[in-house]
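Working through the structure, step by step
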Amino acid sequence: MEAAVGRGSGKKNTVGCGSGKKSTVGRGSGKEGAVLRYRVMAYITGVVLLVLCFAGIPLQVAAHNDVIVNDVGTVHGILYMIYLVVAYLLTRRLRLPIGPTVLVLLAGTVPVMTFVVERWVHRRYIVPAQQGQAATTAAAGARAR
């Protein structure tokens, strides 16, 4: 059994199966990895923004407690910057037009919007891209036989 691992380089692993055939296992650097990173960051950013808006700000106004707003606001700011990078990379991989790209990038600024936009992007762009990729892979496999 042989294995060639491109650690951290985004390369695919080649694993020998013993029968002379090799299978390729993705390392998460393709569209699937970009989609997973985007979805995780969209949900995390959305949840933190909800905590900030619906727990932190009311506590700040009603109880004059700035601790949650300061801490959660800082965390949201950092996470939003990461979300921007991850979302932008996904929109470039999917080749989205400028309008949907801007919508995806701004979704982390409005409470609940990250959840809505993530579902919309998934249905409208990600699923068709994955189906097209699956069809291309199936066609390539049929030609190889």
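Residues numbered from 1 in each chain as written. Predicted model: local features only at pLDDT ≥ 70, side-chain atom pairs only at ≥ 80, totals over all residues. Heavy atoms only, no water.

**Comments concerning the packing of aromatic side chains**
For any two aromatic rings, the description comes down to two numbers: the centre-to-centre distance and the angle of the planes. Filter applied, for reference: Only the six-membered ring of Trp is used, alongside the rings of Phe and Tyr, when aromatic pairs are assigned; centres must lie within 6.5 Å, and planes under 30 degrees apart are stacked while those over 60 apart are edge-to-face, with the rest tilted. Per the convention used, a helix needs a DSSP run of H or I reaching at least four residues, while a strand needs a run of E reaching at least two, with both numbered from the N terminus. Exposure classes here rest on a 1.4 Å probe applied to the protein chains alone. A residue is buried below 20% of its type maximum, exposed above 50%, and partly exposed in between.
Per the stated rule, a full pass over the model turns up four aromatic pairs. On the numbers, 6.0 Å between centres and 35 degrees between planes, the contact of Y38 with Y83 is tilted. Placement of Y38 in helix α1 (residues 31-63) and of Y83 in helix α2 (residues 67-94) is noted, with a sequence separation of 45 residues between them. Between W120 and Y125 the ring centres are 5.6 Å apart and the planes differ by 85 degrees, which places this aromatic pair in the edge-to-face class. In this structure W120 comes out as partly exposed when scored by relative accessible area, which is 25%.

**Concerning the confidence of the model for the protein chain**
Applicable threshold: pLDDT runs from 0 to 100 and stands for how confident the predictor is about each residue. Every residue pair with non-hydrogen atoms within 4.5 Å of one another is taken to be in contact.
Across the protein chain, the average pLDDT comes to 83, with 74% of residues at or above 70. Summarising per-element confidence for the protein chain, the mean pLDDT is lowest in strand β3 (residues 22-25) (39) and highest in helix α3 (residues 98-106) (97). Contacts of residues 1-26 to residues separated by more than four positions or lying in other chains number 34 contacts, the stretch itself having pLDDT below 50.

**Details of the pattern of salt bridges**
Test applied: In what follows, salt bridge is the name for a side-chain nitrogen of Lys or Arg lying within 4 Å of a carboxyl oxygen of Asp or Glu.
Counting across every chain of the model gives two salt bridges. Taking the shortest distance from any N to any O, the salt bridge between R39 and E118 comes out at 2.5 Å. With R39 in helix α1 and E118 in helix α4 (residues 113-144), this residue pair connects regions lying 79 residues apart in the sequence. Among the ionic pairs, R119 bridges to E118, the shortest N-O distance being 3.9 Å. Among the residues examined, R119 registers a relative accessible area of 33% and is labelled partly exposed. In this structure E118 comes out as buried when scored by relative accessible area, which is 0%.

**A short note on the nonpolar core**
The cut-off we apply is this: Nine residue types can take part in a nonpolar core, namely buried Ala, Val, Leu, Ile, Met, Phe, Trp, Tyr and Cys, and a core is a set of them joined through side-chain atoms within 4.5 Å.
With 26 residues, the main nonpolar core has Y38, Y83, L90, L94 and V104 as its most contacted residues. Of all the secondary structure elements, the ones that give two or more residues to this core are α1, α2, α3 and α4. Sort the elements by how many residues they give to this core and α2 lands first, with nine residues. Setting aside residues no more than four positions away along its own chain, Y83 makes contact with Y38, M41, A42, T45, V104, L105, A107, G108 and T114.

**Here's the deal with the environment of L105**
The residue L105 is located in helix α3 in this model. Given the relative accessible area of 19%, L105 is considered buried. Sequence separation between L105 and Y80 is 25 residues; the distance between their C-alpha atoms is 9.3 Å. When residues no more than four places from it in sequence are discounted, the contact partners of L105 are Y80, Y83, L84, A87 and Y88.

**Quick look at α2**
Put simply, the rule is: Helices are assigned an expected span. That span is 1.5 Å times one less than the residue count.
Between its first and last C-alpha, α2 extends 40 Å over 28 residues, near the 40 Å set by a 1.5 Å rise per residue. Along α2, the positions that sit buried rather than exposed are V69, V72, H76, L79, Y80, Y83, V86, A87, L90, T91 and L94. Directly after α2, the chain includes R95, whose backbone phi takes a positive value near 55 degrees.

**Digging into the packing of α2 against α3**
For the record, the criterion: Geometry is summarised by axes, namely lines fitted to C-alpha atoms with helices restricted to the contacting stretch, and by angles between N-to-C directions that run from 0 to 180 degrees. Any angle from 65 to 115 degrees is called roughly perpendicular, while one under 35 is roughly parallel, one over 145 is roughly antiparallel, and all others are oblique. Left-handed describes a crossing whose near helix is turned anticlockwise from the far helix through less than a right angle; right-handed describes the clockwise counterpart.
Where α2 contacts α3, the axes come no closer than 9 Å and their chain directions differ by 160 degrees. Taken together, the axes of α2 and α3 lie roughly antiparallel to each other. Regarding α2 and α3, the two cross each other, and that crossing is right-handed. When α2 is examined against α3, the residues Y80, Y83, L84, A87, Y88, T91 and R92 are found in contact with a partner set consisting of T101, V104, L105 and L106.

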